[in-house]
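Coordinate inspection notes
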Amino acid sequence: MIDYTVKEIEKTVLIGLITPEQNEEKAQEYLDELAFLTYTAGGEVSGRFTQKLDHPHPKTYIGSGKLDQVKEYILENDISTAIFDDELSPAQMRNIEKVLECKILDRTNLILDIFAQRATTSYAVTQVELAQYQYLLPRLTGMWTHLSRQKGGIGLRGPGETEIETDRRIVRDKIALLRKKLAKIDKQMAVQRNNRGKLVRVALVGYTNVGKSTLMNLISKSKVFAENKLFATLDTTVRKVVIKNLPFLMTDTVGFIRKLPTQLVESFKSTLDEVREADLLVHVVDISHPNFEAHIASVNQILKEIDSLHKPILMVFNKIDAYQPETIDEDDLVTEKSKKHYSLREWEHTYLKKENDPAVFISAKTKENIDLLRKTLYEEVRSIHITRFPYNDFLYTEYEE
Ligand SMILES: Nc1nc2c(ncn2[C@@H]2O[C@H](COP(=O)(O)OP(=O)(O)OP(=O)(O)O)[C@@H](O)[C@H]2O)c(=O)[nH]1
Ligand SMILES: [Mg+2]
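Residues numbered from 1 in each chain as written. Chains lettered and ligands numbered in written order. Predicted model: local features only at pLDDT ≥ 70, side-chain atom pairs only at ≥ 80, totals over all residues. Heavy atoms only, no water.

What to know about unusual backbone geometry
Note: most peptide bonds trans; most residues except glycine with negative phi. A positive phi is found at Asp 307, a non-glycine position, where the angle reads about 60°. Along the chain, Asp 307 turns up in the loop between α12 (292-305) and β9 (313-318). (Helix = DSSP H or I, 4+ residues; strand = E, 2+ residues; numbered from the N terminus.)

See below:
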């Protein structure tokens, strides 16, 4: 068990942009997510800054006037770390550090740091280490100045709290070594997956913190770690599940996030192979999150990148117990009804339209509609199963309570 207690909480400021593609409301929602990531990594957010720009400033991400404002705030409030909501180029990072004179992190760096803290098995550790060093290599000159190296903490930790190496030559050697090690593990994992036979494989996919592991525990009666932080799961768990008389394999794996660092997608190849080789994807959504539709789009984007969007998908809208639409006052004649005001029924109607994938609305917490989920899962798995085991007559029967 990893000790997540923070020795010294880092005080941070968050910095994001308001752009033509990302209005003020979106920008704030993204910063909310960045704040959650910061909290998960063990930091505390003291302040937030946004600037309206058509695109990030090529040299300093935000303009120099804004940067001075941030600097003033940092000095007045004893801030140790500034976190930017996009991946910064090595040059941007250097330039910003010169002005702010504190530790500079970007979104990628922060996510990698959380993964590093979460990795427990040697397999996950190797994958995360490789991703971290790939991110680091082009940034070694300048970014890891004497100043930031002395500070340590978020962004400078390898898996298991060890400091990460910052010598260019050693980093290159490490990358080569880790690649070799991973290739070997990848092969073993492929063999393991092959040994699982012809049983239908179902993979839980979805944004981070939506309740995939909670659902896995509920359906397969296993004990996967679940908590209200991001990326609670890094390792893959596979369980054999039997619904009625129908056996299949269910996989719980790492959650996705907007702008998942490409280094992670590459080094988590084997983990993501679980998704690539699945026969059915169960896409779990947290309907109580104000941004859940954007989350669905991010997940679909990643599924597309790993060539898995064409698979049969069962949409599971979880946390209906926590769903709260915004309400419009009776005498408010100005506000127009929008999706924010949809009732659960209206969302069901939206997602149950014929051309969409099958969808179930549930609560893994209160267990509402879990029977309906089992039934739907049974039907979906059965339709794949009978193509593989055509002589299992009993499977032609309909699901009955
Ligand atoms: N209110 C409510 N909370 C839920 C429900 N299902 C799960 N949760 C909570 O949501 C949080 C995240 O659950 P997890 O099962 O860890 O989510 P996950 O998708 O596996 O997350 P990662 O592994 O971090 O990607 C936990 O605090 C759960 O208790 C639900 O139906 N309703
Ligand atoms: Mg999980």
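A word on the pairing of strand β5 (residues 201-206)
Among the six residues that make up β5, six are buried, leaving the element largely enclosed by the rest of the structure. Residue alternation in β5 divides its side chains into two sets, Arg 201, Ala 203 and Val 205 and Val 202, Leu 204 and Gly 206, and both sets are buried. Judged from the four bridges that link them, β5 and strand β7 (residues 246-252) form a sheet pairing that is parallel. Residue pairing across strands places Leu 204 opposite Asp 252, the latter belonging to β7. (Buried < 20%, exposed > 50% of the residue type's maximum accessible area, 1.4 Å probe, protein only. Pairing = 2+ DSSP bridges.)

Section: the side chain of Thr 40
Within the element layout of this structure, Thr 40 appears in helix α1 (residues 24-40). Once residues within four sequence positions are removed from consideration, Thr 40 is found in contact with Ile 114, Arg 118, Lys 229 and Leu 230. (Contact = heavy atoms within 4.5 Å.)

Side note on α1
Since the α-helix packs 3.6 residues into each turn, any two residues three or four apart lie on the same face. For α1, built from 17 residues, the straight-helix expectation of 24 Å at 1.5 Å per residue is met to within 8% by its first-to-last C-alpha distance of 24 Å. All of the buried residues along α1 are Ala 27, Glu 29, Tyr 30, Leu 31, Glu 33, Leu 34, Ala 35, Leu 37, Thr 38 and Thr 40. Check the buried side of α1 and you find it contacts β1 (10-18), β2 (43-52), β3 (81-84), α4 (107-118) and α12. Of the residues flanking the end of α1, it is Gly 42, one or two places downstream, whose phi is positive at about 100°. (Expected span 1.5 Å × (residues − 1).)

Some remarks on the pairing of β1
The buried fraction of β1 amounts to eight of the nine residues, a majority that puts the element mostly inside the structure. In this sheet, β2 lies alongside β1 in parallel orientation, the contact comprising nine bridges. The residue of β2 that forms the bridge with Leu 14 is Arg 48. The pairing of β1 with β3 spans four bridges and is classified as parallel.

So, the site of ligand 1
Among the 23 residues in the neighbourhood of ligand 1, the closest are listed as Lys 212, Thr 214, Ala 232, Thr 233 and Asp 321. A distance of 2.5 Å separates an oxygen atom of ligand 1 from a polar atom in the side chain of Thr 214. The backbone of Asn 228 places a nitrogen or oxygen atom 3.2 Å from an oxygen atom of ligand 1. Considering every element that reaches the shell around ligand 1, the biggest residue donor is helix α9 (residues 212-220), with three residues. (Near = heavy atom within 4 Å. Polar contact = N/O pair within 3.5 Å; in protein donor to acceptor, adjacent residues only side chain to side chain.)

Observations regarding the pattern of salt bridges
Tallying each qualifying case throughout the model produces 19 salt bridges. For Arg 118, the salt bridge goes to Glu 227, with nearest N and O atoms at 3.1 Å. Of this pair, Arg 118 sits in helix α4 while Glu 227 sits in the loop between α9 and β6 (237-243), placing them 109 residues apart in sequence. Overall, Arg 118 belongs to the buried group, its relative accessible area being 6%. Under the relative-accessibility criterion, Glu 227 is labelled partly exposed at 29%. With a closest N to O distance of 3.5 Å, Arg 382 and Glu 379 form a salt bridge. On the criterion of helical spacing, the pair formed by Arg 382 and Glu 379 is a turn pair, its members being three residues apart in helix α14 (residues 370-388). Side by side, Arg 382 and Glu 379 carry an identical accessibility label, which is buried. The network of salt bridges with shared partners includes Arg 193, Arg 201, Asp 273, Arg 276 and Glu 277. (Salt bridge = Lys/Arg side-chain N within 4 Å of Asp/Glu carboxyl O.)

Thoughts on the sheet that holds β7
In spatial order, the strands read β6-β7-β5-β8-β9-β10; together these six strands make up an open sheet with mixed pairing. Only two strands of the sheet have a single neighbouring strand rather than two, namely β6 and β10 (359-361). Between one strand axis and the next, the sheet turns through 25° on average, direction left out of account. Here seven bridges tie β6 to β7, and the two strands are oriented antiparallel to one another. Residue pairing across strands places Val 242 opposite Pro 247, the latter belonging to β7. Strands β5, β6, β7, β8 (280-286), β9 and β10 of the sheet are contacted by α14, whose axis makes an angle of about 105° with β7. (Axes fitted to C-alpha atoms, helices over the stretch in contact; angles between N-to-C directions.)

What about the domain arrangement of the chain?
Interfaces are often sized by the amount of accessible area the parts lose when they come together. Examined at the domain level, the chain breaks down into domain 1 (10-168) and domain 2 (196-396). The C-alpha centroid of domain 2 is placed 30 Å from the C-alpha centroid of domain 1. Taken together, the 31 residues of domain 1 in the interface contact 27 residues of domain 2. It is Phe 115, Arg 118 and Gln 127 that lose the most area in domain 1 upon contact with domain 2, and together they represent 27% of the buried surface on that side. For the pair domain 1 and domain 2, the number of links is three salt bridges. (Domains from an automatic or database assignment. Buried area = accessible area lost by both parts, 1.4 Å probe.)

Details of the environment of Asp 252
You can see Asp 252 is positioned in strand β7. For the pair Asp 252 and Asn 217, spaced 35 residues apart in sequence, the C-alpha separation works out to 9.4 Å. The residues touching Asp 252, leaving out its near neighbours within four places in the chain, are Leu 204, Lys 212, Ser 213, Met 216, Val 224, Thr 233, Asp 235, Thr 236 and Thr 237. At 2.7 Å, the side chain of Asp 252 forms a polar contact with the side chain of Ser 213.

Describing the side chain of Gln 92
Within the secondary structure, Gln 92 sits in helix α3 (residues 90-100). A residue is classified by how much of its surface remains accessible, and Gln 92, at 7% relative accessible area, is buried.

Overview of the packing of helix α5 (residues 122-136) against helix α8 (residues 168-194)
Running from N to C, α5 and α8 cross one another at 145°; their axes reach a closest spacing of 9 Å. Of the two elements, α5 crosses α8, and the hand of that crossing is left-handed. The residues of α8 that touch α5, namely those facing Tyr 123, Thr 126, Gln 127, Glu 129, Leu 130, Tyr 133 and Gln 134, are Val 171, Lys 174, Ile 175, Leu 178, Arg 179, Lys 181, Leu 182, Ile 185, Asp 186 and Met 189. When grouped by side-chain class, the residues that make up the contact of α5 with α8 number nine nonpolar, three polar and five charged. (Left-handed = near helix turned anticlockwise from the far one by under 90°. Nonpolar A, V, L, I, M, F, W, Y, C, P; charged D, E, K, R; others polar.)

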